[in-house]
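Coordinate inspection notes
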Amino acid sequence: MPDLRFDHLYRHEELTEALNGLAAEYPHLMTLESIGTSYEGRDIWLATMTNAATGSHHEKPALFVEANIHATEVTGSTAALHLLHHLVTGHGEDENVSRVLDTRCFYVVPRLNPDGVELALADRPRYLRSSARPWPRAEPQDGLVEEDVDGDGRILTMRVPDANGPWKACPEDPRLLVARDPDEVGPGPYWRLLPEGRIRNYDGVLVPLAPRLEGLDLNRQFPAGWRTEGDQAGAGPYPGSEPEIRALLQAVAARPNLCAYIAYHTFGGVHLRPYSDHDDDHLPTSDLRTFLEIAKLATAITGYRAVSVYHDFRYEPKEIITGASDDWAYDHLGVYAWTTEFWSPIPKAGIAEHKFIEWFDDHPVADDLALLRWSDETVGRNVGYVDWYPFEHPQLGPVELGGWHFFRVWSNPPPALMEAEIAPHADFAVRHLLLSPRLELHNACAELVGALGDSGLATWRVRVVVDNTGWMATNVTERALERKAVRPVEAEITLPDGCHLAAGTPRLELGQLGGRALKRSALLASDPTDDRTKAEWVVRGPAGAVVAVEVRHQRGGVVRVDVELDAITES
Ligand SMILES: [Zn+2]
């Protein structure tokens, strides 16, 4: 067993080694394949997790985990690796893990954007959201480009003394910068804040921020609601234009057994759900109710709130985002889909209930002071928030570097806090998958309905009854039915030589089976057997012959049963 650490951000080679090590150690529970390569040619790994002894993965209900699509959100990969480890070590030990791997299947892509991560974890890092491909222009543009100018392995903030600067030292803690009063003219000093970096084609006067050379946002690339670059920055030339996303789309589309989808991101400490571009009225009522029930489970297990992106997680109050994977997975595939934003230092600093995005734009100075205190005590003085230190900038002259080490404290949890942060999410993934539909045999029998003739053949009614024992209906969502993304339950009989059907066809379509997801109050409840179905055939054959019946559903799995033509048999 490889030595896995969950307080660590993995480089691509280390991650590859860890994944191969796990797959080699637990071949009966895990297989690893490459679903494609990144822009720079790195493998994109997909782990399939199920107990092979109880059936093949594609005949079991499944949950898909996609991690680390955004380059600096590397914690997502560590969390995905933690989930894999939780599964292989929990099988045979933990009741839920055993059940989930025996009856269901996980597909996990631990790192969708390996090129971007290699830049983020380089000795002289670059913090991108995107992959490494230039977009929308192939050539760099003028202006300030983020860079580790002093070569200390961090990209911090530059503060430049400027009589017209908007910031001044906070009286309670001079490391902290606060806004100058609206009518304040006093002697200063005042500061202008810029990302640590160098200015391409500096004219000695103006410091515009250069648009990023690598301006893609891979999580704006998905087909549902996709909009062009003019409306949605980072969307790329067309949905799935990037090799990472194309590989993922193909891998997901090739797995019609999916019932749920979770994307691992940072940060926010929140579970996000569709839609990003529509209010909740846009969801069929039963889907919204089910989302809200799963949300309760998520919050109970992880402590994170669960909210709609449209209602509670907008980057700009009047703008929407489009082309995200959770919207695609729900809207086109009709599976319950989430984006988990791991980690936030804000609640750790004791700051109660806050708005997720608006807080960054406006909050009391007391919050900043609380965060600074928390960082000094937990992450280390001068580690999480770096004391300003002088630096002779090659273009701007004397400046100071310092402030939040954002990658270390905000984009990802500090190493010592990482495992505790991600661990509950493996439980949530297991519990979520256990909610999926599952076909199970209720009973099967053959009943003699016509006596043996001279031919030695009798007439039998063969009946196979199956239940959906899962919490979700077999279609999973209403949206899946609207999109024609899911087929009905199908039953098929296979007859041995010497038998034939007296009437009808060997293959039957039996519709969808209900689940228990909408059963919340027993008041006024009634429970017709819409979770059960029967398949019947009239067979001519000799006593003792055995017919084979298979009942299958893309999302609910497969039931196989042999029925002997005997006076009355039941199993
Ligand atoms: Zn993200």
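Residues numbered from 1 in each chain as written. Predicted model: local features only at pLDDT ≥ 70, side-chain atom pairs only at ≥ 80, totals over all residues. Heavy atoms only, no water.

Here's the deal with the overall build of the protein chain
When helices and strands are tallied, the protein chain shows 14 helices and 25 strands. Referenced to the eigenvectors of the C-alpha coordinate spread, the extents of the protein chain come out at roughly 115 × 50 × 45 Å. In the protein chain, which comprises 571 residues, the share counted as buried stands at 54%. Counted over contacts in the protein chain with a minimum sequence separation of 6, partners at least 24 positions apart contribute 75%. When the accessible area of the protein chain is evaluated, it comes to approximately 24400 Å², of which 50% is carbon and sulfur surface. With 54 positive and 86 negative side-chain charges, the protein chain shows a separation of 3 Å between the mean positions of the two kinds. (Helix = DSSP H or I, 4+ residues; strand = E, 2+ residues; numbered from the N terminus. Buried < 20%, exposed > 50% of the residue type's maximum accessible area, 1.4 Å probe, protein only. Contact = heavy atoms within 4.5 Å. Areas by Shrake-Rupley, 256 points an atom, 1.4 Å probe, with all protein chains shown as cover. Lys, Arg positive; Asp, Glu negative; His and termini not counted. Charge placed at Lys NZ, Arg CZ, Asp CG, Glu CD.)

Let's talk about helix H13 (residues 415-434)
Between its terminal C-alpha atoms H13 stretches 31 Å, which fits the 28 Å expected from 20 residues at 1.5 Å a residue. All buried positions along H13 are accounted for by Met-418, Glu-421, Ile-422, Pro-424, His-425, Ala-426, Phe-428, Ala-429, Val-430, His-432, Leu-433 and Leu-434. (Expected span 1.5 Å × (residues − 1).)

Re a negative patch on the surface
Together, Asp-312, Glu-316, Glu-319, Glu-358, Asp-361 and Asp-362 give the surface a local cluster of negative charge. Considering the arrangement of structural elements, one finds Glu-358 in helix H10 (residues 358-361). By relative accessible area, Glu-358 is classed as partly exposed at 43%. (Patch = residues over 30% accessible without salt bridge, like charges linked within 9 Å, V, L, I, M, F, W, Y side chains within 5 Å. Salt bridge = Lys/Arg side-chain N within 4 Å of Asp/Glu carboxyl O.)

Things to note about the coordination of the zinc ion
Coordination of the zinc ion by the protein is provided by His-70 (ND1), Glu-73 (OE), Glu-73 (OE) and His-265 (ND1), with metal-donor distances spanning 2.0 to 2.6 Å. Viewed at the metal, the four donor atoms of the zinc ion are separated by angles of 55 to 151°, and the geometry they form is irregular. Along the chain, the residues that donate to the zinc ion are spaced as H-x2-E-x191-H. Of this pair, Glu-73 sits in the loop between strand S3 (62-67) and helix H2 (75-90) while His-265 sits in strand S11 (residues 258-266), placing them 192 residues apart in sequence. (Donors = N, O, S within 2.8 Å, 3.2 Å for Na, K, Ca; no water. Tetrahedral: all angles 85-135°; square planar, octahedral: opposite > 155°, others 65-115°.)

Observations regarding the environment of Gly-116
Mapping Gly-116 onto the fold places it in helix H4 (residues 114-120). Judged by relative accessible area, Gly-116 falls into the buried class, the value being 0%. A C-alpha to C-alpha distance of 9.9 Å links Gly-116 and Glu-73, two positions 43 residues apart in sequence. Discounting residues that sit within four places of it in the chain, Gly-116 has contacts with Ala-71 and Ser-130.

Regarding H2
A rise of 1.5 Å per residue sets the reference length of H2, with its 16 residues, at 22 Å; its end C-alpha atoms lie 22 Å apart and thus fit the reference within 8%. Summarising burial for H2: 14 of the 16 residues are buried, a large majority. Following H2 by one or two positions, Gly-92 adopts a phi angle in the positive range, close to 85°.

Side note on the domain arrangement of the protein chain
Under the domain assignment used here, the protein chain contains domain 1 (12-121 + 215-343), domain 2 (143-210 + 347-411) and domain 3 (439-570). A separation of 66 Å is found between the C-alpha centroids of domain 2 and domain 3. (Domains from an automatic or database assignment.)

Describing the packing of aromatic side chains
Scanning all chains against the criterion turns up 21 aromatic pairs. Aromatic pair Tyr-275 and Tyr-330: ring centres 5.6 Å apart, planes at 75°, arrangement edge-to-face. One end of the pair, Tyr-275, is in the loop between strand S12 (270-273) and helix H6 (285-302); the other, Tyr-330, is in helix H8 (residues 325-331), with 55 residues separating them in the sequence. Since its relative accessible area comes to 0%, Tyr-330 is described here as buried. For the ring pair Phe-313 and Phe-356, a centre distance of 5.8 Å and an interplane angle of 50° mean the geometry is tilted. Here Phe-356 lies in the loop between helix H9 (345-348) and H10 and Phe-313 lies in the loop between helix H7 (309-312) and H8, a separation of 43 residues in the sequence. Classification of Phe-313 by relative accessible area gives buried; the value is 4%. Above the face of the Trp-191 ring, Arg-159 is positioned so that its terminal group lies 3.9 Å from the ring centre. (Phe/Tyr/Trp six-rings, centres within 6.5 Å; stacked < 30°, edge-to-face > 60°. Lys NZ or Arg CZ within 6 Å of the ring centre and 35° of its normal.)

Some remarks on the pattern of salt bridges
Applying the stated rule across the entire model yields 44 salt bridges. Here Glu-33 and Arg-255 are joined by a salt bridge, their closest N and O atoms 3.4 Å apart. In this pair, Glu-33 sits in strand S1 (residues 30-37) while Arg-255 sits in the loop between helix H5 (243-253) and S11, placing the two residues 222 residues apart along the sequence. Looking at Glu-33, the relative accessible area reads 34%, which means it is partly exposed. A relative accessible area of 11% means that Arg-255 is categorised as buried. A salt bridge links Glu-550 to Arg-552, with the shortest nitrogen-to-oxygen separation between them at 2.6 Å.

Topic: the nonpolar core
In this structure, Leu-81, Phe-106 and Tyr-264 are the most contacted members of the largest nonpolar core, which totals 107 residues. Ignoring sequence-local partners within four residues, the contact set of Phe-106 consists of Ala-47, Thr-48, Met-49, Leu-63, Leu-83, Leu-87, Val-100, Leu-101, Ala-429, Val-430 and Leu-433. (Core = buried A, V, L, I, M, F, W, Y, C linked by side-chain atoms within 4.5 Å.)

Quick look at the side chain of Asn-51
Note on placement: Asn-51 falls in the loop between strand S2 (43-49) and S3. Judged by its relative accessible area of 9%, Asn-51 is buried. In contact with Asn-51, other than residues within four places in its own chain, are His-28, Leu-29, Lys-60, His-91, Leu-101 and Asp-102.

Quick notes on the packing of helix H1 (residues 12-25) against H2
As a packed pair, H1 and H2 sit with axes 11 Å apart at the nearest point and diverge in direction by 15°. On the basis of the axis angle, H1 is roughly parallel to H2. Judged by the twist between their axes, the crossing of H1 over H2 is left-handed. Of the residues in H2, those touching H1 at Leu-15, Ala-18, Leu-19 and Leu-22 are Leu-81, Leu-84, His-85 and Val-88. Across the contact of H1 with H2, the residue classes tally to seven nonpolar, one polar and no charged. (Axes fitted to C-alpha atoms, helices over the stretch in contact; angles between N-to-C directions. Parallel < 35°, antiparallel > 145°, perpendicular 65-115°, else oblique. Left-handed = near helix turned anticlockwise from the far one by under 90°. Nonpolar A, V, L, I, M, F, W, Y, C, P; charged D, E, K, R; others polar.)

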